[in-house]
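If you want the building blocks of each chain, they are given just below.
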Amino acid sequence: MKALVATKRVVDYNVKIRVKSDQSDVDLANVKMSMNPFDEIAIEEATRLKERGVLTEVVAVSCGIAPCQETLRTALAIGADRAILVQTDAALQPLAVAKLLKALVDQEQPQLVILGKQAIDDDANQTGQMLAALLDWPQATFASHVDVVDGKAIVTREIDGGLETLSLTLPAVITTDLRLNEPRYVTLPNIMKAKKKRLDIVTPDSLGIDVAPRLHTVKVTEPPARPVGIRVPDVAALVEPLKTHVKAA
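These numbers come from a predicted model, not from an experiment. In every chain, residue numbers begin from 1 and rise along the written sequence. Only residues with pLDDT of at least 70 are given local features in this predicted model, and only at 80 or more are side-chain atom pairs given and counted; all residues enter the totals for whole chains, interfaces and linings. Working from all heavy atoms in the structure, the side-chain values ignore hydrogens and water.

K.L.:
With reference to specific residues and values, describe the nonpolar core.
P.N.:
Definition of nonpolar core: a set of buried residues of the types Ala, Val, Leu, Ile, Met, Phe, Trp, Tyr and Cys, connected through side-chain atoms within 4.5 Å. Here the term buried applies to any residue with accessible area under 20% of the maximum for its type, exposed to any over 50%, and partly exposed to those in between, with areas from a 1.4 Å probe on protein chains only. Formed by 37 residues in total, the largest nonpolar core has its most connected members in Val 155 and Ile 174. Helix and strand definitions follow DSSP, with helices as H or I runs of at least four residues and strands as E runs of at least two, each counted in order from the N terminus. Here this core gets six residues from one element, more than from any other, and that element is helix 2 (residues 68-78). Membership of the second largest hydrophobic core comes to 25 residues, among which are Val 86, Ala 103, Val 113 and Leu 135.

Right under this line is the structure:
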């Protein structure tokens, strides 16, 4: 059984985001980039499924500019067997990525596609759902536990009322939540091994996919600064404004 795992290169979660002076976009100059944390969880889960003998091959995929190869090498170091980069300088939006992934699924014929539930740069939370719709495959989003038994994926997901367990007939699409696992530390020997693993590069044109953006960003601005807090002398002074607020409501 083969799994296709999508990964995205994003601004590292420890970096404070800056906006360009012309407010056209986020400033990425000299900014540390890394793999989207939710995608790292997806790679880890696929690797664990392979270690349990459920999967025979894990293929990591990324769509974007040439430096995305670094993200794929990280995926290979975690445990992916090979990688595919859909290289393009175009600004990719969720629908375009979903179409690219569908084209790769048609080529690779995996039984399982695993993605992070969202990317921390745009928080779109759309690609997995769009891909499942394009493929007409069952989907389970926000997975916190995954088992594959007898040709079915048993997925536990967290919902407002508690936990929901779904049984999906494979092939299927799964998106990962934070509590699914804790990705392993990537060791130096595995980083060196990853350099020798196969990494193929294709283009949207070779896949026959139009990735022209459907949305146009008008302006990017920083969120307004939070008002400065105040100090109160005692509990009574703290409670009084709350009382006034409750009465007004």
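Moving on from the coordinates now.
K.L.:
Which residues make up unusual backbone geometry, and what are the values?
P.N.:
In this chain, Leu 170 is followed by Pro 171 through a cis amide linkage whose omega measures 5°. Among the secondary structure elements, Pro 171 is positioned in the loop between strand 9 (162-169) and strand 10 (172-176). Although it is not a glycine, Gln 109 adopts a positive phi angle of roughly 55°. By the secondary structure assignment, Gln 109 is in the loop between helix 3 (94-108) and strand 6 (112-116). Phi at Asp 150 is positive, roughly 50°, even though this residue is not glycine. Here Asp 150 is to be found in the loop between strand 7 (139-149) and strand 8 (152-159). Under the relative-accessibility criterion, Asp 150 is labelled exposed at 76%.

K.L.:
Can you lay out the pairing of strand 5 (residues 82-87) for me, pointing to particular residues and giving the numbers?
P.N.:
Taking burial as the measure, the six residues of strand 5 include five buried ones, the bulk of the element. Any two strands are treated as partners once DSSP identifies two or more bridges connecting them. Relative to strand 5, strand 4 (residues 57-64) is paired through six bridges, and the arrangement is parallel. Looking at strand 5, one finds that Val 59 is bridged to Arg 82. Place the viewer so that the strands point away; then a crossover is right-handed whenever the path from the first strand over the helix to the second strand goes clockwise. After leaving strand 4, the chain enters helix 2 and then returns to the sheet as strand 5, a path that is right-handed.

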